[in-house]
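Chains, contacts and geometry: an overview
Spelled out from the first residue to the last, the chains are:
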Amino acid sequence: MTQALLHPKAQRFVHSGMSWQQFKLLQESFADSPGIRLAYYKGEVEILTVSPDHESISRMIAGLLILYFLENEIEFNPLGSCTKEKSEDVSAQADESFAIGSSTATTPNLSIEVVFTSGGERKLTRYKALGVPDVWFWEDGVLRMYQLQESGYKRITRSHVLPNLDINLLSRCLMMASKVEATREFKRGISE
């Protein structure tokens, strides 16, 4: 089954019934295609194109978090949208991801998804299979956070991996029209 969801800013295509080997061939064919994200979970393949608005929000989240890490002297490794896989089972590409507490770790403990089309929280099954402790979704100006527990992800109001981060401040700054003013406001807020 193939499903295409059109959005003025992004497109999302979902195809079911694909083997891991077929997915890997498809992944190779898109290797040199910027702005295309691929994901796989139990035979379902998702192909997503990203828009300038999507990338702007994603980069602002990463930039503000890096500012937070620097201000609080938290070691981190920005892993961006690198693909994480468990062979034959799952492949996921977050919009932003970080290994927090280490400058060399390559396994994220925070993955962030910017949602302009659909598929947000259904992606949690992929992250559960990969064992990512914190997953955040930004959609329509709202940041929703989930923490991995034995039974699956539980929605939380405070980040497990960044417990002192003021999520309301981060969300408010992401909605500001001026990126310069947003960065200043965020820096002011985390310095107090």
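Residues numbered from 1 in each chain as written. Predicted model: local features only at pLDDT ≥ 70, side-chain atom pairs only at ≥ 80, totals over all residues. Heavy atoms only, no water.

1. Re helix α5 (residues 179-191)
Short version of the rule: By the criteria applied, helices consist of DSSP H or I runs no shorter than four residues and strands consist of E runs no shorter than two, each listed in order from the N terminus. The span one expects for a helix is its residue count, reduced by one, times 1.5 Å. Buried residues are those whose accessible area, probed at 1.4 Å on protein chains only, stays under 20% of the maximum for their type, while exposed residues exceed 50% and partly exposed ones sit between those limits. Within this analysis, the arc is defined by the directions that extend from the helix axis to the C-beta atoms. We call two residues in contact when some of their heavy atoms are within 4.5 Å.
Helix length check: α5, at 13 residues, gives a terminal C-alpha distance of 18 Å against a target of 18 Å (1.5 Å per residue), a fit within 8%. Every buried residue belonging to α5 is among Ala182, Phe186 and Ile190, and all of these are buried. One side of α5 holds all its buried residues, which, seen down the axis, span an arc of 55 degrees. On its buried side, α5 packs onto α2 (52-71) and α4 (167-174).

2. Observations regarding the environment of threonine 106
Mapped onto the fold, threonine 106 is located in the loop between β8 (96-100) and β9 (110-114). Spatially, the C-alpha atom of threonine 106 lies 17 Å from that of phenylalanine 69, the residues being 37 residues apart in sequence.

3. Notes on the nonpolar core
Put simply, the test is: What makes a nonpolar core is a set of buried Ala, Val, Leu, Ile, Met, Phe, Trp, Tyr and Cys residues whose side-chain atoms join them at distances within 4.5 Å.
Among the nonpolar cores identified, the biggest contains 32 residues, and Leu65, Trp136, Leu162 and Phe186 are the most heavily contacted of them. Secondary structure elements with two or more residues in this core: α2, β8, β9, β10 (134-139), β11 (142-149), α4 and α5. Among the elements that make up this core, the one with the highest residue count is α2 (nine residues). Dropping the residues within four chain positions of it, leucine 65 is found in contact with Phe98, Leu110, Ile112, Trp136, Leu162, Leu165 and Leu170. One finds Ala92, Ala94, Val135 and Phe137 within the second-largest nonpolar core, a separate group that totals 10 residues.

4. Details of the packing of aromatic side chains
What counts is decided by this rule: Centre distance within 6.5 Å is the pairing criterion for rings of Phe, Tyr and Trp, where only the six-membered ring of Trp is used; planes under 30 degrees apart are then read as stacked, over 60 as edge-to-face, and the remainder as tilted.
This model, assessed by the stated rule, comprises eight aromatic pairs. Between tryptophan 20 and tyrosine 40, the aromatic rings sit 5.1 Å apart at their centres with planes inclined by 75 degrees, giving edge-to-face as the arrangement. Separated by 20 residues along the polypeptide, tryptophan 20 in helix α1 (residues 20-29) and tyrosine 40 in strand β3 (residues 36-41) bring together distant segments of the chain. Judged on exposure class, the residue tryptophan 20 and its partner tyrosine 40 are both buried. Ring geometry for phenylalanine 137 against tyrosine 146: centres 5.9 Å apart, planes inclined by 80 degrees, an arrangement best described as edge-to-face. Accessibility classification places phenylalanine 137 together with tyrosine 146 in one group, the buried group.

5. Thoughts on the confidence of the model for the protein
Here is the rule we go by: You can read pLDDT as the predictor saying how much it trusts each residue, on a scale of 0 to 100.
Looking at the protein as a whole, the pLDDT averages 90, with 93% of positions reaching at least 70. Per-residue pLDDT stays below 50 along residues 1-8; that stretch engages in 17 contacts with residues further than four places along the chain or on separate chains.

6. Some words on the sheet that holds strand β5 (residues 76-78)
Put simply, the rule reads: In short, DSSP must find at least two bridges between two strands for them to pair. Here an angle of 0 to 180 degrees is reported between the N-to-C directions of two axes, which are lines fitted to C-alpha atoms, with helices fitted over the stretch in contact.
Judged by pairing direction, the sheet is mixed, and its six strands sit side by side in the order β5-β8-β9-β10-β11-β12 without closing on themselves. The strands lining the two open edges of the sheet, one partner per strand, are β5 and β12 (152-156). Within the sheet, the average angular offset between the axes of one strand and its neighbour, ignoring direction, is 25 degrees. Summarising the sheet, β9 and β10 pair through five bridges and their orientation is parallel. Bridge pairing in β10 links isoleucine 112 to tryptophan 136. Most of the contacts of α2 go to β8, to which it runs at about 15 degrees, and overall it touches β5, β8, β9 and β10. Lying on the sheet, α4 is in contact with β10 and β11; it crosses β11 at an angle near 140 degrees.

7. Description of the environment of glycine 131
Take glycine 131: it is sitting in the loop between α3 (124-130) and β10. Along the chain, glycine 131 and proline 108 lie 23 residues apart, while their C-alpha atoms are 9.1 Å from each other.

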